[in-house]
2 protein chains.
Amino acid sequence: MSKGITSKKDDYSQWYNDIVIKADLAEHSSVKGCMVIKPYGYSIWEKIQAVLDQKFKDTGHSNAYFPLFIPKSYFSKEAAHVEGFATECAVVTHYRLKNDGNGNIVVDETAKLEEELIVRPTSETIIWNTYRGWIESYRDLPLLINQWANVVRWEMRTRLFLRTTEFLWQEGHTAHATSQEAIEETERMLDVYADFSENWMAVPVVKGKKTPTERFAGALETYCIEALMQDGKALQAGTSHFLGQNFAKAFDVKFTSKEGKLEHVWATSWGVSTRLMGALIMAHSDDAGLVLPPKLAPIQVVIVPIYKGEEDLAKISTFVDELILKLKGLGVSVKYDSRDSQRPGFKFAEYELKGVPIRLAIGGRDMENKTVELARRDTKEKFTVAQEGLDTYIANLLEEIQESIYNKAHQFREEHITEANSYQEFKELLDGKTGFISAHWDGTAETEKQIKEETKATIRCIPLNNKQEDGVCILTGKPSTQRVLFARAY
Amino acid sequence: MSKGITSKKDDYSQWYNDIVIKADLAEHSSVKGCMVIKPYGYSIWEKIQAVLDQKFKDTGHSNAYFPLFIPKSYFSKEAAHVEGFATECAVVTHYRLKNDGNGNIVVDETAKLEEELIVRPTSETIIWNTYRGWIESYRDLPLLINQWANVVRWEMRTRLFLRTTEFLWQEGHTAHATSQEAIEETERMLDVYADFSENWMAVPVVKGKKTPTERFAGALETYCIEALMQDGKALQAGTSHFLGQNFAKAFDVKFTSKEGKLEHVWATSWGVSTRLMGALIMAHSDDAGLVLPPKLAPIQVVIVPIYKGEEDLAKISTFVDELILKLKGLGVSVKYDSRDSQRPGFKFAEYELKGVPIRLAIGGRDMENKTVELARRDTKEKFTVAQEGLDTYIANLLEEIQESIYNKAHQFREEHITEANSYQEFKELLDGKTGFISAHWDGTAETEKQIKEETKATIRCIPLNNKQEDGVCILTGKPSTQRVLFARAY
Ligand SMILES: [Zn+2]
Ligand SMILES: [Zn+2]
């Protein structure tokens, strides 16, 4: 392969960046930390959005839209939240520019805001300030709302999709009458994320809870799904937070219960972002470029004619046109690339780079033999397949590829969850085999911090339904009742 | 009707506001000039988005995403653009907040940006700065891209949906090899907007060109669609701009032509926004609330059971469940409201307020007679309809309602395009009958300005395919070759 993609083994980080750029997914913009999502990358994001949006609606949620700007004072209202979010953010201080008379555009100092506005890093505060007007009685609950939006968190070191100053996401914000209902919602949405990650993105995940240190600012409990990338580092793919009554208290949101009592509302919030694109790319791709699971591939099948002259092409195109109709009838998205400005080999490389799951090539001899040449992107296998029944063959193969990509990632993940029973063993695993390390921890923030400082590994989560077993903390030797998952992470 | 909606005749502006609020479409947020789009309002916007997005894709466009922030200096690069946009806008000057030690969150003055960032009021500058890297050869053209995004234009006087500081929109930005192709694109997208407005929103529009004074800042030609609201004021529902080579020159975007010459690229941009929601509401609604054309109604049919006791309800529900399946099969969206916490009369009023096109009520006697009571929202007519064949009856009726709403708006518009042949007549029409006034104009910006200052009427457009006729300007008496459309406008 000579597409200018760095080999994964040589430099994983550069390999990732090369794929994002060369597969036309995204690029850095001229605004520090902000990316441009290019049409091909955005079309994958649109598929992600469509599937998730349907899942949110199927679980009873509606979309709404809240302001981009949040008054600075709102961040001070919830004590923990302010520590987490009112730091690195974009601050709007003025609302007018003017010409200074010398042809320069300058900020009009007379147009200074009385209170600065923060570009939302997350919307709990503005939304809970709004919910105060929407919730009066238990009849108004549960309130199940989601927002698709852009958010801004000022980042000094950015990576395309994985960490950018502006990113796109969805944030669900729900209000409930009881603690139990809110916890159920938190868990339900974690399941939605896990289902999406595994069955659409083909990325296996561990569902778990964050330690208090790693919780969302203002949450009583943060649930997460953690995925493993091919370099053995973990990536948090989605979070779902049980917020208790913290935001309801901070923004004075009460409801009259069935029993006629005035009570504070219980809250959840949950979100996934364009970071999922990073996970999708890193989980499956190879040195030839992107590998996409069929369910999220904007183009599932590309057809390239191999022809000499117009007459040859016309024959092939007649067959292809009919095939496309049949495939579309089966819900398969197809692109027919009959450009004569590029040679077949160029096209093959391009679609390989872009991760199109199935490539068909059809030449004169194939037409005579009533066959096509089929290439699988994930395994790079090639087959000669009969034209008869090709549409259902392809539909079935797409399902098989989806499964196969998941299984490969799952096997890798399973092979990269290792138990460590001493700190020495722990450190060797981190620098050697990598992956998730399952180890005993004494449950204190101090230990967690020291391990992080010494090894750069964090506790990714305490897996749900974790096995209870007696053990001793790898660092302190203090007693522990369960193992937790450590890893270095994105 | 006593839903707290001000009568349209008493106070049109308050009537509009009442409908937006009471029908749960949107509300003012605590951030000055920014609105919250509530779930019901947002579900209409989602339908608008879905239809337009498909139309954009059907005409060859792809979506992408560009940064929210634009460096201040970019606005100075295109001379006309800076005058139009670098004034009332949100300016980001800092990127960090800090605790001042007394528990107050303040702006960290050490985190001041070297160059201020502007929250995009429109994205021509950042996009054309990006296109420089994407376009090299005629093979890269046309580049047909659309973005769904939020934009901010600081507004002192705001109205929900019609004029807000932050609003949602789509902005198309295309690049072409020739002037002619760019003009064709500009006109094609104007046609898409007109088609959408008339055939989905049921709002008839006049297609035309803006006068030089009213053009988009940086455009050589601005096309628009103009709609007429029930108070006789015009509303610009969409614009499509031919930008010539202005942005290509400002951002140095060149391509190698087929002939091997290096040339500047030709540009268009076009957009519609949540303002369409305002047009949709104002064009059709009445004193009982919102009236929605079926094609954009989130709920097309609501079914309310009238029952005494569980047994009665069970019988009705059995019938309704089957009906819903059939309706869904025909692509009709249905809501069955069997809440027992509210009486039928309350529900009737609520769905009337929310503009649900068809309401069915079904009681015990209806079940015996094998009928239902059907109410049309637009005409407020009620019919007794046979249960036999009800699904296709409803599907057909929805089409009839769509047409009927359009015809009513079209008739109103036709009755409110009036020719004026003197300034006196012109002024009388503005204050009396209102609507579009077709009048001769001498073609100068001075006359346009004086008429605007004296009457608040602006030239909405020079209609496409305008009839050429000799006349004299209503203000100056100078010769004119065609009439243009004036109106007071939103
Ligand atoms: Zn976890
Ligand atoms: Zn016009």
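Residues numbered from 1 in each chain as written. Chains lettered and ligands numbered in written order. Predicted model: local features only at pLDDT ≥ 70, side-chain atom pairs only at ≥ 80, totals over all residues. Heavy atoms only, no water.

As annotated in an unreviewed UniProt entry, chain A carries the name Proline--tRNA ligase and is attributed to Pedobacter planticolens. For chain A, the Subunit (unreviewed entry) comment in UniProt is given as "Homodimer." Its UniProt record gives chain A the following Catalytic activity (unreviewed entry) comment, quoted word for word: "tRNA(Pro) + L-proline + ATP = L-prolyl-tRNA(Pro) + AMP + diphosphate". (UniProt positions renumbered as here; feature names shortened; annotations may be inferred.)

Undergrad: Explanation requested: the overall build of chain A in the structure shown.
TA: Helix and strand content of chain A: 13 helices and 26 strands. Here the C-alpha radius of gyration of chain A, 26 Å, is about what a compact globule of 490 residues would show, namely 23 Å. Summarising its shape, the C-alpha atoms of chain A cover approximately 80 × 70 × 55 Å along the three principal directions. The burial tally for chain A puts 59% of its 490 residues in the buried class. Surface exposure of chain A reaches about 20000 Å², of which carbon and sulfur atoms provide 47%. Put simply, chain A has 61 plus and 71 minus side-chain charges, and the middle of one group is 2 Å from the middle of the other. (Helix = DSSP H or I, 4+ residues; strand = E, 2+ residues; numbered from the N terminus. Rg over C-alpha atoms; globule rule 2.2 N^0.38 Å. Buried < 20%, exposed > 50% of the residue type's maximum accessible area, 1.4 Å probe, protein only. Areas by Shrake-Rupley, 256 points an atom, 1.4 Å probe, with all protein chains shown as cover. Lys, Arg positive; Asp, Glu negative; His and termini not counted. Charge placed at Lys NZ, Arg CZ, Asp CG, Glu CD.)

Undergrad: Just checking my understanding: could you explain the sheet that holds strand 18 (residues 334-336) of chain A for this structure?
TA: Working definition: the strands of a sheet are paired by backbone hydrogen bonds and lie parallel or antiparallel to each other. Residues and elements named next belong to chain A. With mixed pairing, five strands are arranged side by side in an open sheet as 18-17-19-20-21. With partners counted over all chains shown, the strands left at the sheet margins are strand 18 and strand 21 (382-386), one partner each. Put simply, the sheet's adjacent strands are angled 25° from each other on average, direction ignored. On top of the sheet, helix 11 (residues 390-415) reaches strand 17 (301-306), strand 19 (358-363), strand 20 (371-376) and strand 21; it is set at about 10° to strand 20, its chief contact. (Pairing = 2+ DSSP bridges. Axes fitted to C-alpha atoms, helices over the stretch in contact; angles between N-to-C directions. Contact = heavy atoms within 4.5 Å.)

Undergrad: Please explain the coordination of the zinc ion (ligand 1) as it appears in this structure.
TA: Around a metal, the ideal angle is 109.5 degrees if four donors adopt a tetrahedral arrangement and 90 or 180 degrees if six donors adopt an octahedral arrangement. All names here are of chain A. All of the protein donors around the zinc ion (ligand 1) are Cys224 (SG) and Cys461 (SG); their distances to the metal are 2.2 to 2.7 Å. With Cys224 in strand 12 (residues 221-228) and Cys461 in strand 24 (residues 458-463), this residue pair connects regions lying 237 residues apart in the sequence. Both residues of the pair, Cys224 and Cys461, belong to the buried class. (Donors = N, O, S within 2.8 Å, 3.2 Å for Na, K, Ca; no water.)

Undergrad: Please explain the coordination of the zinc ion (ligand 2) as it appears in this structure.
TA: The zinc ion (ligand 2) binds to the protein through Cys224(B) (SG) and Cys461(B) (SG); the donor distances cover 2.2 to 2.7 Å. On the accessibility criterion, Cys461(B) (0% relative accessible area) is buried.

Undergrad: Even after reading the chapter, I still don't get the sheet that holds strand 20 (residues 382-386) of chain B, so can you show me in this structure?
TA: All names here are of chain B. Strand order in the open sheet formed by five strands is 17-16-18-19-20, with mixed pairing between adjacent strands. Two strands lie at the open edges of the sheet, namely strand 17 (334-336) and strand 20, each paired on one side alone. Strand after strand, the sheet turns through a mean of 25° between neighbouring axes, direction not considered. Here six bridges tie strand 16 (residues 301-306) to strand 18 (residues 358-363), and the two strands are oriented parallel to one another. Of the residues in strand 18, the one forming a bridge with Pro305 is Ile362. Where helix 9 (residues 344-353) meets the sheet, its contacts fall on strand 16, strand 17 and strand 18, and the angle it forms with strand 16 comes to roughly 170°.

Undergrad: I tried to follow helix 5 (residues 179-199) of chain A on my own but got confused; where do I start?
TA: In an α-helix, one full turn covers 3.6 residues, which means residues spaced three or four apart are oriented alike. Helix length check: helix 5 of chain A (21 residues) gives 30 Å between terminal C-alpha atoms against 30 Å at 1.5 Å per residue, within 8%. Within the sequence span of helix 5 of chain A, burial applies to Ala182(A), Glu185(A), Thr186(A), Met189(A), Leu190(A), Val192(A), Tyr193(A), Ala194(A), Phe196(A) and Ser197(A). (Expected span 1.5 Å × (residues − 1).)

Undergrad: What is the right way to look at the relation of the copies chain A and chain B in this model?
TA: To go from the first copy of the chain to the second, apply a rotation about an axis and then a shift along the same axis. Structural alignment of chain A on chain B gives an RMSD of 0.0 Å, achieved by rotating through 180° and translating 0.0 Å along the axis. Taken together, the rotation and translation relating the two chain copies correspond to the operation of a two-fold axis. Relative to the rotation axis, the closest C-alpha in chain A is found at Val92(A), a distance of 2.1 Å. Looking at the interface residues of chain A, 98% of them are also at the interface in chain B, so both copies use one shared face. (Least-squares fit on C-alpha atoms with pLDDT ≥ 70 in both.)

Undergrad: So what exactly am I meant to see when it comes to the environment of Glu446(B) here?
TA: You can see Glu446(B) is positioned in helix 13 (residues 445-455). Residues Glu446(B) and Ala375(B), spaced 71 residues apart in sequence, show a C-alpha to C-alpha distance of 53 Å.

Undergrad: Would you explain the side chain of Ser273(A) in this entry?
TA: Relative to the assigned elements, Ser273(A) resides in strand 16 (residues 266-273). When neighbours within four sequence positions are excluded, Ser273(A) is seen to be in contact with Trp45(A), Phe167(A), Leu168(A) and Trp169(A).

Undergrad: It is not clear to me how the interface of chain A and chain B should be interpreted in this structure. Could you clarify?
TA: How big an interface is tends to be expressed through the accessible area that disappears when the partners come together. Taken together, the contacts link 61 residues of chain A with 61 residues of chain B. Buried surface at the junction of chain A and chain B, summed over both partners, amounts to about 5000 Å²; 65% is from carbon and sulfur atoms. The largest share of the area that chain A buries against chain B comes from Tyr65(A), Leu97(A) and Ile105(A), three residues that together contribute 13% of it. If you look at where chain A meets chain B, you find four salt bridges. The partner of Arg96(B) in a salt bridge is Glu88(A), and the shortest N-O contact between them spans 3.1 Å. The interface formed by chain A and chain B holds 34 residue pairs in polar contact (both at pLDDT 80 or more) in total. In terms of residue count, the dominant contributor to the side of chain A that touches chain B is strand 5 (residues 88-94) of chain A (seven residues). Counted by class, the side of chain A that touches chain B contains 37 nonpolar, 11 polar and 13 charged residues. Pairing geometry for strand 5 of chain A and strand 5 (residues 91-99) of chain B, over four bridges, is antiparallel. Each bridged residue has a counterpart across the sheet, and for Glu88(A) the counterpart in strand 5 of chain B is Arg96(B). (Buried area = accessible area lost by both parts, 1.4 Å probe. Salt bridge = Lys/Arg side-chain N within 4 Å of Asp/Glu carboxyl O. Polar contact = N/O pair within 3.5 Å; in protein donor to acceptor, adjacent residues only side chain to side chain. Nonpolar A, V, L, I, M, F, W, Y, C, P; charged D, E, K, R; others polar.)

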